[in-house]
Amino acid sequence: MQFSKKDVLDIASLSAEDINMVLDTAVGMKEISERPIKKVPTLRGKTVILFFYEPSTRTRMSFDIAAKRLSADSLSISASTSSLVKGETLIDTAKNLESMHPDVIIIRHSSAGVPRMLARTVRASVINAGDGMHAHPTQALLDMMTVRERKGRLSGLRLAIIGDIAHSRVARSNIVGFTKMGASVVVAAPPTMIPLGIDALGAEVTHDIGEAVAGADVIMMLRIQKERLRSFLYPSDREYARFYGLNIKRLEKATKDVLIMHPGPMNRGVEISPEVADGPFSIILDQVTNGVAVRMALLYLVAGGQRHADSD
Amino acid sequence: MRIVIRGGRIIDPSQPEEAADLLIEDGIIRDLRPSAGSSETDWPGVDRLVDATGRLVLPGLIDTHVHLREPGQEYKETIASGCQAAVWGGVTAVCCMPNTDPVNDNAGVTEFILKKAAEAATARVYPAGAISRGLQGQEMSEFGELKAAGAVAVTDDGMPVMDAQLMRRALEYARGFGLIVMAHSEDLALTGSGVMNEGLVSTRLGLSGIPNCSESVMVTRDIALCALTRSKLHIAHVSTRESIRAIRQAKDQGIPVTAETAPHYFTLTDEDVGEYDTHAKMNPPLRTREDKEAIRQALADGTIDAIATDHAPHSSIEKDVEFDRAANGIIGLETSLPLSLGLVRDGVLTIHQLAERMSLAPARILGLDRGLGPGKPADITIIDPDAPHRIDSRTFQSLSRNCPFDGWNVQGWAVMTIVDGNIVFDRKAEAP
């Protein structure tokens, strides 16, 4: 079986088979990162451009390391160093990049839909590293990999996502991904942070974090962005931590083998207490490790071997 | 110049005779005679005999909501190109919005627009002046000066008047000059950073949503101010069922409010944003199917008086960008009639109601005297209601191409447009 996609723009356009193929491939890739010599020649001669219009440390490093471990040539452009600051349009920048014959372009952008726009413009494979509030498919894939690694399966599990669902591309991609793989998803947040129609994506909704925690096999906490205070989504960090934060006391009601995840960066003491973040149930750093593996797998699948006729 | 239009079907509710010949002379409709038994020789000494057999003859279409972009953004549209697009679309007169650069908030700009329109000599142009200087929502423009220069309405279109006291005073003051106030009803705080309708689609696409009440809250406020002042208020580009409910109730109470909607609101929904199509981005945004159905119903029962395009030309510079950053609006002058004829085909409107929504009601809103009776200005649109054709934006007279209907197969269009007794568009003469 071959990976059928030229681009990886969101989880919705991947099939369950696609997702399994990525996760299976990632398991093999993870082993490479554990060797003393962490490099294979698989993508030698391939060019990978990291195009980040939005600040990122973890995701950009993760992609960069993934590309280098596969021997691809990678280079990184950020908004401040790109021609964007000189007024060039995104399409023009994309056409210029295209002219240098890259094999893969990894893009992060604050505007939803930009990866798709880029994919329409260039022949290179496009991997979405997060677009606005829309999608963050590699995060969802690494989350699925991490859960599958611990639980041996995704099907039948219950995932609770707690936090600002409305503004979260991580939540959207995970809701679509986990439900596609047979898990059930409940989202918990104050009503200000639940977008209209999130149930249509497959999530149940509760405003009671205790209820979400109690039945969950996996709890995923989302980062609370302080700038949301200004849009009246919540009154204070203190109140948020008290009613929607995850702490040891709240975890007492969880199952004994619950997994705690967080896509980072964390606000310790707001959405997650330090004891929980550093505690025995936390697999937060496993997520980071698996992030490299999943991104190696995706780079290999879209850039290794032959280009498929199918273009998403 | 004497023109006779022969054998067409006269669509004007005030004219009892549907099968009639029309004599036009010196820009005026002089005579209307039954076609039965008439022959070409009954009209000696005419300069042009137009055979309208099988055609519909309507009082000239009028669009109460058009952005002509000149002065300031002539790369998107000029007064000449916009008027040319209008007459190709069968539109004989347009009311142009004041958000030009400089803003039409003074007599000088109004005079400039009218001078350019006179030079173009195609569609008639009726400028709307700004309610507030520079559209800043702070101080009132000089309505008297604007009116004296030729403005027929005032509006801050593109921006709501957020200050309720300014809106109240504008309504009152406008009445003294016989100007109608056109409201872009929107609560900017509720719109926030929204770029499309708030709902299932915005959630799926991860785009910030604009709730229906962003419009209806302000429609309700503006109606309250209209009730208070008893000044004429026209609600622009109605897009939601809640606004319709408020307008219907206001009309039942005798409040002097009128309303328009645009073809995209009765044709498209937020689903048409598809995969971030910026040609489906406008303000107010495309709403849901329930809203679309409510708008069609409101056009049928007269709650919405007029169909106006909100013709908003933008170039690829504004549209071929990230969805968040793309400008709002689409062009409409050259697609409005075929899309509206779709309402007749769907049984939503009768052809007489279409004439009312696209010509007679807009005329009343702008304070113009129109119709096909003797003595009326000779502004006439002749329509082939069934002609099948494919919308091709490359053939548009507008300088812009931001049209979500490109490639659509539609039926019906204008075959001739007459303004002030002159044939300003004749499709036969334009045949490729």
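Residues numbered from 1 in each chain as written. Chains lettered and ligands numbered in written order. Predicted model: local features only at pLDDT ≥ 70, side-chain atom pairs only at ≥ 80, totals over all residues. Heavy atoms only, no water.

K.L.:
What should I look at first to understand the packing of helix H3 (residues 90-99) of chain A against helix H4 (residues 114-121) of chain A in this one?
P.N.:
In a packed pair of helices, the relevant descriptors are the angle between the two axes and the axis-to-axis distance. All names here are of chain A. At a minimum axis distance of 10 Å, the contact between H3 and H4 shows a crossing angle of 45°. Looking at the two axes, H3 sits oblique to H4. In the crossing of H3 with H4, the sense of the turn from one axis to the other is right-handed. In contact with Leu-90, Ile-91, Ala-94 and Lys-95 of H3, H4 contributes Val-114, Met-117, Leu-118 and Thr-121. (Axes fitted to C-alpha atoms, helices over the stretch in contact; angles between N-to-C directions. Helix = DSSP H or I, 4+ residues; strand = E, 2+ residues; numbered from the N terminus. Parallel < 35°, antiparallel > 145°, perpendicular 65-115°, else oblique. Left-handed = near helix turned anticlockwise from the far one by under 90°. Contact = heavy atoms within 4.5 Å.)

K.L.:
Help me understand the environment of A:Val258 in this model?
P.N.:
Along the chain, A:Val258 falls in the loop between helix H9 (248-251) and strand E9 (259-261). A:Val258 sits 33 residues away from A:Gly291 along the chain, and the two C-alpha atoms are 21 Å apart.

K.L.:
Help me out: how do you make sense of a nonpolar patch on the surface in this one?
P.N.:
The grouping of B:Met159, B:Met162 and B:Leu188 at the surface amounts to a nonpolar patch, some 240 Å² of accessible area in total. On the basis of relative accessibility, which here comes to 38%, the residue B:Met162 falls in the partly exposed class. (Patch = residues over 30% accessible without salt bridge, like charges linked within 9 Å, V, L, I, M, F, W, Y side chains within 5 Å. Areas by Shrake-Rupley, 256 points an atom, 1.4 Å probe, with all protein chains shown as cover. Salt bridge = Lys/Arg side-chain N within 4 Å of Asp/Glu carboxyl O. Buried < 20%, exposed > 50% of the residue type's maximum accessible area, 1.4 Å probe, protein only.)

K.L.:
How do you make sense of the environment of A:Ile105 when you look at a structure like this?
P.N.:
All names here are of chain A. Tracing the backbone shows Ile-105 in strand E3 (residues 104-109). By relative accessible area, which is 0% here, Ile-105 ends up buried. As for Ile-105 and Met-117, which are separated by twelve residues in sequence, their C-alpha atoms are 12 Å apart.

K.L.:
Explain the packing of helix H7 (residues 213-229) of chain B against helix H8 (residues 241-252) of chain B to me, please; I cannot follow it from the model alone.
P.N.:
All names here are of chain B. Across the interface, H7 lies against H8 with an axial gap of 8 Å and an inter-helix angle of 15°. One way to sum up the angle between H7 and H8 is to call them roughly parallel. H7 and H8 meet at a crossing whose hand is right-handed. In contact with Glu-215, Ser-216, Val-219, Thr-220 and Ile-223 of H7, H8 contributes Glu-242, Ser-243, Ala-246, Ile-247 and Ala-250. Grouping the constituent residues of the contact of H7 with H8 by class yields five nonpolar, three polar and two charged. (Nonpolar A, V, L, I, M, F, W, Y, C, P; charged D, E, K, R; others polar.)

K.L.:
Any chance you could explain the interface of chain A and chain B here in plain terms?
P.N.:
How large an interface is tends to be reported as the accessible area lost when its parts come together. At the interface, 21 residues of chain A touch 17 residues of chain B. Regarding the contact of chain A and chain B, the summed buried area is about 1,500 Å², with carbon and sulfur atoms giving 59% of it. Broken down residue by residue, the surface that chain A buries against chain B is led by A:Ala112, A:Met133 and A:Leu196, which jointly contribute 29%. A salt bridge links A:Arg116 to B:Glu275, with the nearest nitrogen and oxygen atoms 2.9 Å apart. Connecting chain A to chain B are six residue pairs in polar contact (both at pLDDT 80 or more). Looking at the side of chain A that touches chain B, the elements with two or more residues in it are H3 and H4 of chain A. The biggest single contributor to the side of chain A that touches chain B is H4(A), with four residues. Here the residues of the side of chain A that touches chain B sort into eleven nonpolar, six polar and four charged. (Buried area = accessible area lost by both parts, 1.4 Å probe. Polar contact = N/O pair within 3.5 Å; in protein donor to acceptor, adjacent residues only side chain to side chain.)

K.L.:
What's the story with the layout of surface pockets in this structure? I'm lost.
P.N.:
Unfilled space is identified by rolling a water-sized probe across the atoms. Considered as a void within the structure, the largest pocket measures approximately 1,600 Å³ in volume. Lining the largest pocket are 49 residues, and of these A:Met133, A:Asp164, A:His167, A:Gln225 and A:Arg228 sit closest to its centre. Those elements giving two or more residues to the lining of the largest pocket turn out to be helix H2 (58-69) and helix H6 (169-180) of chain A together with helix H5 (188-191) and helix H6 (200-205) of chain B. The residue inventory of the lining of the largest pocket, partitioned by class, reads 17 nonpolar, 21 polar and eleven charged. (1 Å grid on protein atoms, 1.4 Å probe; cavity = no way out; pocket = protein on both sides within 12 Å on 5 of 7 lines; lining within 4 Å. Points joined across faces, edges and corners; volume = space filled by probe spheres on them.)

K.L.:
Teacher, can you tell me more about H8(B) here?
P.N.:
Think of an α-helix as 3.6 residues a turn; residues three or four steps apart then line up on the same face. Residue and element names in this part refer to chain B. For H8, which comprises twelve residues, the first-to-last C-alpha distance of 16 Å matches the rise-based estimate of 16 Å (1.5 Å per residue) to within 8%. Here H8 has its buried residues at Ser-243, Ile-244, Ala-246, Ile-247 and Ala-250. When H8 is viewed along its axis, its buried side chains cluster within an angular range of 165° and face the same direction. Opposite its buried face, H8 presents the exposed residues Arg-245, Gln-249 and Asp-252, each directed more than 90 degrees away. Looking at the buried positions of H8, the neighbouring elements they touch are H7, strand E14 (233-235), strand E15 (257-261) and helix H10 (289-301). (Expected span 1.5 Å × (residues − 1). Arc of directions from axis to C-beta.)

K.L.:
Hey, could you run me through the nonpolar core in this one?
P.N.:
Grouped burial of nonpolar side chains is what soluble globular proteins tend to show. All names here are of chain B. If you look at the biggest cluster of nonpolar residues, it comprises 93 residues, and the most contacted ones within it are Met-167 and Leu-233. The leading source of residues in this core is helix H1 (residues 79-88), at six residues. Counting contributing residues per domain, this core is built from domain 1 (2-57 + 376-430) and domain 2 (60-366), each supplying no fewer than three. Excluding anything up to four places from it in sequence, Leu-233 contacts Met-167, Leu-171, Ile-180, Val-181, Ala-183, Asp-222, Ile-223, Cys-226, Pro-256, Val-257 and Thr-258. (Core = buried A, V, L, I, M, F, W, Y, C linked by side-chain atoms within 4.5 Å. Domains from an automatic or database assignment.)

K.L.:
Explain the pairing of strand E9 (residues 124-129) of chain B to me, please; I cannot follow it from the model alone.
P.N.:
Every other side chain in a regular strand lies on the same face of the sheet, so the side chains alternate between the two faces. Residue and element names in this part refer to chain B. For E9, the buried fraction is high: five of the six residues fall into the buried class. Note that strand E8 (residues 91-96) and E9 share four bridges and pair parallel. Residue Cys-95 lies in a different strand from E9, and its bridge partner there is Tyr-126. Sheet topology places E9 next to strand E10 (residues 153-155); two bridges connect them, and they run parallel. Bridge pairing in E10 links Ala-128 to Ala-153. On the question of chirality, the crossover connecting E9 to the parallel E10 by way of helix H3 (residues 143-149) is right-handed. (Pairing = 2+ DSSP bridges. Right-handed = clockwise from strand over helix to strand, strands pointing away.)

K.L.:
Explain unusual backbone geometry to me, please; I cannot follow it from the model alone.
P.N.:
Glycine aside, the phi torsion of most residues is negative, and most peptide linkages are trans. The omega torsion of the bond from A:Gly264 to A:Pro265 falls at -10°, within 30 degrees of zero and hence cis. With respect to the helices, strands and loops of the structure, A:Pro265 is situated in the loop between E9 and helix H10 (274-277). Phi is positive for B:Asp26, close to 50°, though the residue is something other than glycine. Note on B:Asp26: relative accessible area 57%, which makes it exposed. Positive phi, close to 70°, is recorded for B:Arg69, a residue that is not glycine. Position of B:Arg69 relative to the elements: it lies in the loop between strand E7 (61-66) and H1.

K.L.:
Sorry, what's going on with H3(A) here?
P.N.:
All names here are of chain A. Of all the residues in H3, the buried ones are Leu-90, Ile-91, Thr-93, Ala-94, Leu-97 and Glu-98. The buried residues of H3 all sit within an arc of 160° when viewed along its axis, so they share a single face. The inward-facing, buried residues of H3 abut strand E1 (47-52), strand E2 (73-78), E3 and H4. Following H3 by one or two positions, His-101 has its phi on the positive side, about 55°.

K.L.:
Mind showing me how you'd approach the sheet that holds strand E5 (residues 158-162) of chain A here?
P.N.:
Within a sheet, adjacent strands bond to each other through the backbone by hydrogen bonds, running parallel or antiparallel. All names here are of chain A. Read from one edge to the other, the open sheet built from five strands follows the order E7-E6-E5-E8-E9, with strand pairing classed as parallel. For this open sheet the edge positions go to strand E7 (203-206) and E9, each flanked by a neighbour on one side alone. With strand direction ignored, the average angle separating the axes of adjacent strands in the sheet is 20°. When strand E6 (residues 184-188) meets E7, the two strands line up parallel, connected through four bridges. In the strand pairing of E7, Val-185 is matched with Ala-203.

K.L.:
Sorry, what's going on with the sheet that holds strand E4 (residues 28-34) of chain B here?
P.N.:
Residue and element names in this part refer to chain B. Strand order in the open sheet formed by four strands is E4-E3-E1-E5, with mixed pairing between adjacent strands. Only two strands of the sheet have a single partner each, and these edge strands are E4 and strand E5 (48-51). In this sheet, neighbouring strand axes are inclined to one another by 20° on average, regardless of whether the strands run parallel or antiparallel. In terms of strand pairing, strand E1 (residues 2-6) meets E5 through four bridges, oriented parallel. Across the sheet, residue Arg-6 finds its bridge partner in E5, namely Asp-51.

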